[in-house]
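# Tertiary structure, described
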2 protein chains.
Amino acid sequence: MSTTLLPVIQPDAAVCCTPLTSEAIDAERADDLAKKLKALADPTRLRLVSIVAASEGTEACVCDLIEPVGLSQPTVSHHLKILMDAGFLTRSKRGTWAYYKLVPGALGQLSQLLDVTASR
Amino acid sequence: MSTTLLPVIQPDAAVCCTPLTSEAIDAERADDLAKKLKALADPTRLRLVSIVAASEGTEACVCDLIEPVGLSQPTVSHHLKILMDAGFLTRSKRGTWAYYKLVPGALGQLSQLLDVTASR
């Protein structure tokens, strides 16, 4: 019976995160944020997230992700798994192919945390 | 002789960055962004940036950064150097102490790149 669950399913996660710059963050929050940033801090993973996010419905078939990044299918799948584990993508299988979809709000949360303009 | 340096000194870096999610980014931009995210993707460095950003004038003496993160001065200096090399902080010496200041726009650029709400 609590509205605190709502941000998880909101499309832009606009309500959950005090910007990193308005107050010093504690160790636990820093650990959590560092894990998310580490998952993104790789050129291939950034490109994969970007392709998925820019696709129709923010969803892309794995068959459309391999050629643009120029890596083998197992390597691409490895990177996609890291992005799923960090909560940026979800995966669903339809027919022969797996489809990867951007988790609504996942990037928006990070964006808001880093938004220096909101506080100074 | 290039205007590409300008965003670094802008207060909010509002003009430089197409969000990551509006179009697939190219390999060069992904490399650059990954380097910046890697520099931030560490719990201690996130706490240091956060303390500096939340300080008066977004500037803090190194003497006020050591105790909160509970690490030795050389270790803190090492982390601060990584943050400087990545363009998040600048350093100036006044008297006995070094002062670290948030680079205006550096976090805002990242925030804008990750801003999913701007495009979808």
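Since we're looking at a predicted model, the values are computed, not measured.

## Remarks on the packing of aromatic side chains
All names here are of chain B.
- Scanning all chains against the criterion turns up 0 aromatic pairs over all chains.
- Positioned over the ring face of F88 is K36, at 5.9 Å from the centre of the ring.
- The residue whose ring lies beneath R94 is Y99, and the NZ or CZ to ring-centre distance is 4.1 Å.

## Description of the state of the cysteines
Residue and element names in this part refer to chain A.
- Following the criterion strictly, the structure yields 2 disulfides over all chains and no others.
- Between the sulfur of C61 and that of C63 lies a disulfide, 2.2 Å long from S to S. Where C61 bonds to C63 through sulfur, the torsion about that S-S bond is close to 130°, and the disulfide is right-handed.
- The class of C61 is buried, set by a relative accessible area of 4%.
- When its relative accessible area of 31% is taken as the criterion, C63 is described as partly exposed.

## Description of the nonpolar core
- A:L40 and B:L40 are the most contacted members of the largest nonpolar core, which has 67 residues in total.
- Excluding its chain neighbours within four sequence positions, the residues that come into contact with A:L40 are A:L46, A:V49, A:L83, A:F88, A:L107, A:L110, B:L37 and B:L114.

## A short note on the relation of the copies chain A and chain B
- At an RMSD of 0.0 Å, chain A and chain B line up after a rotation of 180° and a shift of 0.0 Å along the axis. Considering both components of the superposition, the chain copies are consistent with a two-fold axis. Across chain A, the smallest distance between a C-alpha and the rotation axis is recorded for A:S111, namely 2.0 Å.
- Interface overlap between copies is the fraction of interface residues in one copy that are interface residues in the other; for chain A against chain B it reaches 100%, indicating a shared surface.

Here is what the cut-offs are and how they apply
Residues numbered from 1 in each chain as written. Chains lettered and ligands numbered in written order. Predicted model: local features only at pLDDT ≥ 70, side-chain atom pairs only at ≥ 80, totals over all residues. Heavy atoms only, no water. Phe/Tyr/Trp six-rings, centres within 6.5 Å; stacked < 30°, edge-to-face > 60°. Lys NZ or Arg CZ within 6 Å of the ring centre and 35° of its normal. Disulfide = S-S within 2.5 Å. Buried < 20%, exposed > 50% of the residue type's maximum accessible area, 1.4 Å probe, protein only. Core = buried A, V, L, I, M, F, W, Y, C linked by side-chain atoms within 4.5 Å. Contact = heavy atoms within 4.5 Å. Least-squares fit on C-alpha atoms with pLDDT ≥ 70 in both.

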